[in-house]
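# Structural overview
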Amino acid sequence: MMKKYAALLAATTLTLTLHAQETKLPGHAGNPVIPGWYADPEGMVLGKKYWIFPTFSAPYEQQVFFDAFSSDDLVHWKKHPHILDSAAVKWAKRAMWAPAVVQKGKQYFFFFGANDIQHNGERGGIGVAVADKPEGPYRDYLGKPLVDSIFHGAQPIDQYVFKDKDGAYYLIYGGWGHCNIARLKDDFTGFIPFADGTVFREITPEKYVEGPTMFMKNGKYYFMWSEGGWTGPDYCVAYAIADSPVGPFKRIGKILEQDETIARGAGHHSVIHNARHDQWFIVYHRRPLDKKGANERETCIDKMEFNADGTIRPVVMTKEGVAALKL
C-alpha cells in the first residue's frame, strides 16, 4: 500500500511540476501576471518602474476600491492595496472602473469611472483623484465628476489620457459603441474647446465598443479599442492609425482575440513601451477556458510586435508570459 501511495504521490508531483513548467518558464512572468480577478489594466512606465492599475473584477457593488501593482522587471510584481476607494470620493458609490494614470510635474492624476450611469442627471461618470506618489493614497481632486453626462451617445466610462507631442493632454473615453475625445485644461479641472467651439468630439471607428487607448510611434497615432461583448468569448482588440489624435481613424483589423487553447474574452488593454530596449507589450485581461463568470477575468502581459510598414502583428497569447526586462 505504501509503495502504491508513494508511486501515486510521485506521479502527482511530476504532473504538477510539468504543469508549472508549462505555465511559468524560468525568468518569465507567467500569465496571469498578478493573482486574483482583475480587469481593464492600465500598464505604464513611471520613473524606474512598470505599473499596472486595474479594475477589481467583481460585482458592481463590490467595486469600490482600486489596487495597484509595480515591478522592476515585468516578472516580480508588488501589490499596493486600496490606493483609492469610495471613502475618498464621496460621490462614487459603485462600479469604479478602468484607471488612467498620468504624472504631471510632481503629482499623479488618477482618472476613473464610477457608478455606471445610464442617463443624464444621475450622479457619477468620470472622476479625477490626485496623489504625490504612484501608489497613493489618492484623494478626490474635484469633489465632483469631470464628465457627468452622456455626449454623442458615449457612456462616460473607460477613460484614457493621452499626452500629445506638443504637451497637450486629451481625455479619450466612451462606452455603448461611441468614443469621444476632449482636450484637457493644463490643471485637469475641465476642458479647452476645439477651434470650432465644441468640447467633446466623436472619433468612433468602425466596430468600436469600448476601452480606448492611444500611443505614438514614428510620428503616427495608434488608436486601439475593444470590440464584442465584455462578458463573452468574442471580446477582442482592434486598431487604426492616423496622423492626428482626432483622426479620422479607419479600422485596420483585430490584433488580439480568443485562443481556444489559451483563453477567451481577451480585451480592454493598454500598451507598455520600454524605450531603452524599444520593446512593446500589451497588457490586457482574459477569461480562463474553464471559467464562465462575467467577472472571472485575469490580467496578462504578452509581446506586441510591428511589421516593417508599421502595422501591428496579431498578438500571440501565452501562458508563460514575457521574459524579465529592466528599464
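Residue indices begin from 1 for each chain and proceed along its sequence in written order. Predicted model: local features are reported for residues with pLDDT of at least 70 only, side-chain atom pairs are reported and counted for 80 or more only, and whole-chain, interface and lining totals are derived from all residues. The basis for the side-chain values is all heavy atoms of the structure; hydrogens and waters are excluded.

### What about the environment of Leu 171?
- Helix and strand definitions here come from DSSP, where helices need a minimum of 4 consecutive H or I residues and strands a minimum of 2 consecutive E residues; each element is numbered from the N-terminal end. Relative to the helices and strands, Leu 171 is located in strand 10 (residues 169-173).
- Relative accessibility thresholds used throughout: buried, under 20% of the residue-type maximum; exposed, over 50%; partly exposed, between the two (1.4 Å probe, protein chains only). Overall, the relative accessible area of 0% leaves Leu 171 in the buried class.
- Each C-alpha atom of the pair Leu 171 and Phe 191 lies 9.0 Å from the other, and the pair is 20 residues apart in sequence.
- With sequence-adjacent residues up to four places away left out, Leu 171 is seen in contact with Phe 111, Ile 126, Leu 146, Val 147, Gln 159, Tyr 160, Val 161, Asn 180, Ile 181, Ala 182, Leu 184 and Phe 191. Should any heavy atoms of two residues lie within 4.5 Å, those residues are counted as being in contact.

### Some remarks on the sheet that holds strand 8 (residues 139-140)
- A strand pair is defined by DSSP finding two or more bridges across the two strands. Strand order in this open sheet of four strands is 5-6-7-8, and the pairing throughout is antiparallel. Lying at the two open borders of the sheet, with one neighbouring strand each, are strand 5 (97-104) and strand 8.
- Pairing geometry for strand 7 (residues 125-131) and strand 8, over two bridges, is antiparallel. Bridged to Val 130 within strand 8 is Arg 139.

### Observations regarding the confidence of the model for the protein
- The pLDDT value expresses, per residue, how confident the predictor is, ranging between 0 and 100. For the protein, the average pLDDT comes to 93, and 93% of its residues sit at 70 or higher.
- Every residue in residues 1-22 is under pLDDT 50, and counting partners more than four places away or in other chains gives two contacts.

### So, unusual backbone geometry
- For the peptide bond that leads from Gly 136 to Pro 137, omega is 5 degrees, which places it in the cis range.
- Inspection of the secondary structure puts Pro 137 in the loop between strand 7 and strand 8.
- Of note, the bond from Gly 247 into Pro 248 is cis; its omega dihedral lies within 30 degrees of zero at 10 degrees.
- Structurally, Pro 248 can be placed in the loop between strand 16 (236-242) and strand 17 (251-256).
- In the Ramachandran plot, Ala 95 falls in the positive-phi region, its phi being about 50 degrees despite a non-glycine side chain.
- With respect to the secondary-structure elements, Ala 95 resides in the loop between strand 4 (77-85) and strand 5.
- With relative accessibility at 0%, the residue Ala 95 sits in the buried group.
- Even without glycine at this site, Trp 176 takes up a positive phi of about 60 degrees.
- Structurally, the position occupied by Trp 176 is in the loop between strand 10 and strand 11 (180-184).

### Let's talk about the side chain of Asp 302
- When you line up the elements, Asp 302 lands in strand 20 (residues 298-304).
- Here a polar contact is taken to be a pair of N or O atoms separated by no more than 3.5 Å, where protein atoms must pair a possible hydrogen donor with a possible acceptor and residues adjacent in sequence count only if both atoms sit in side chains. In terms of polar contacts, Asp 302 uses its side chain to reach the side chain of Asn 31, at 3.4 Å.
- At 2.5 Å, the side chain of Asp 302 and the side chain of Thr 318 are in polar contact.
- Sequence-distant contacts of Asp 302, that is, excluding residues within four places in its chain, are made with Asn 31, Phe 281, Ile 282, Tyr 284, Arg 286, Val 315, Val 316, Met 317, Thr 318, Gly 321 and Val 322.

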